[in-house]
Amino acid sequence: ESRGLGDVYKRQVHGGELRLEEYQISEVEQFVAKIPDISFRASIRNFNAEQEENEAEETKEQHLEEGGEAKVVVNLRRENAKFPLRVDMRQLGKTKDASWWLVVADETKQTLLSLKKIFFKDKLRRDIQISLPTNFEESPKLTVMLISDSYIGLDQIIYLNILKRRKADEESETKQSRRYI
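In what follows, the accompanying structure is described. Fair warning: this is a prediction, and the values are worked out from it, not measured in the lab. (Residues numbered from 1 in each chain as written. Predicted model: local features only at pLDDT ≥ 70, side-chain atom pairs only at ≥ 80, totals over all residues. Heavy atoms only, no water.)

1. A closer look at the side chain of T143
Inference 1: Turning to its location among the elements, T143 is positioned in strand β8 (residues 141-148).
Inference 2: Judged by its relative accessible area of 1%, T143 falls in the buried class.
Inference 3: Those residues in contact with T143 that sit more than four places away from it in its chain are V103, V104, A105, E107, I157, I158 and Y159. (Helix = DSSP H or I, 4+ residues; strand = E, 2+ residues; numbered from the N terminus. Buried < 20%, exposed > 50% of the residue type's maximum accessible area, 1.4 Å probe, protein only. Contact = heavy atoms within 4.5 Å.)

Now the structure itself:
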């Protein structure tokens with residue numbers, strides 16, 4: 001049994017009160033296929049100006065320090081990049097490129113740590129330098145948001161647990177020191 005997008009629409013639309021013709025279903029499928037499908041990943045790393053110059057150093061274990069500097073690494077990839085990211089702005093009577101906002105925040109303290117407007121066609125990696133909270137117990141996680149300025153309902157959120165990361169780093173240090181004793 002086929003489970004394509006068209007079959008889903010056929011079952012849901014024809015099964016209800018609203019009836020669509022085949023060409024209308026095809027138009028809906030074409031429209032839905034053009035909506036950006038974004039793969040969104042984020043991680044946090046200790047920020048060290050010397051290591052920024054030497055990317056090979058970035059593979060070493062790094063520790064987050066309360067009140068220290070860090071960089072949030074955001075990776076975006078469009079799964080359906082064959083369609084252009086153009087948006088019709090009917091109110092303005094023009095077409096524009098879709099854009100996005102990258103937001104890094106500490107929701108516990110209601111603090112905005114970074115706000116960046118971005119444009120991308122296929123892939124994007126963005127390193128965002130931030131100042132970490134001064135107390136990880138009070139602010140155990142950071143929020144990274146990808147917000148579309150062109151589409152409603154495509155926003156995505158990732159929570160970075162910095163308290164868990166610090167505790168894992170401390171456990172790792174303990175295990176390492178035990179090996180050398």
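On we go from here.
2. Some words on the sheet that holds β8
Hydrogen bonding along the main chain pairs the strands of a sheet, whether they run parallel or antiparallel.
Inference 1: Overall, antiparallel pairing links the four strands, which are arranged β6-β5-β8-β9 in an open sheet. Taken across any chain shown, the strands that pair with only one partner, and hence form the sheet edges, are β6 (111-118) and β9 (156-161). Within the sheet, the average angular offset between the axes of one strand and its neighbour, ignoring direction, is 15°.
Inference 2: Bridge count between strand β5 (residues 100-106) and β6: seven bridges; the pairing is antiparallel. Residue pairing across strands places L102 opposite K116, the latter belonging to β6. (Pairing = 2+ DSSP bridges. Axes fitted to C-alpha atoms, helices over the stretch in contact; angles between N-to-C directions.)

3. Concerning the environment of L160
Inference 1: In this structure, L160 sits in strand β9.
Inference 2: With a relative accessible area of 8%, L160 lands in the buried category.
Inference 3: Placed 116 residues apart in sequence, L160 and I44 show a C-alpha to C-alpha distance of 7.3 Å.
Inference 4: What L160 contacts, discounting residues up to four positions off in sequence, is A42, S43, I44, V72, P140, K141, L142 and V144.

4. Observations regarding the packing of aromatic side chains
Inference 1: Applying the stated criterion across every chain yields a total of one aromatic pair.
Inference 2: Where W100 meets F120, the ring centres are 6.3 Å apart and the plane angle is 40°; that geometry is what we call tilted. Of this pair, W100 sits in strand β5 while F120 sits in the loop between β6 and β7 (123-131), and the two are 20 residues apart along the sequence. Across the pair, exposure class does not vary: W100 and F120 are buried alike.
Inference 3: Sitting over the face of the ring of Y159, K141 holds its NZ or CZ atom 4.4 Å from the ring centroid. (Phe/Tyr/Trp six-rings, centres within 6.5 Å; stacked < 30°, edge-to-face > 60°. Lys NZ or Arg CZ within 6 Å of the ring centre and 35° of its normal.)

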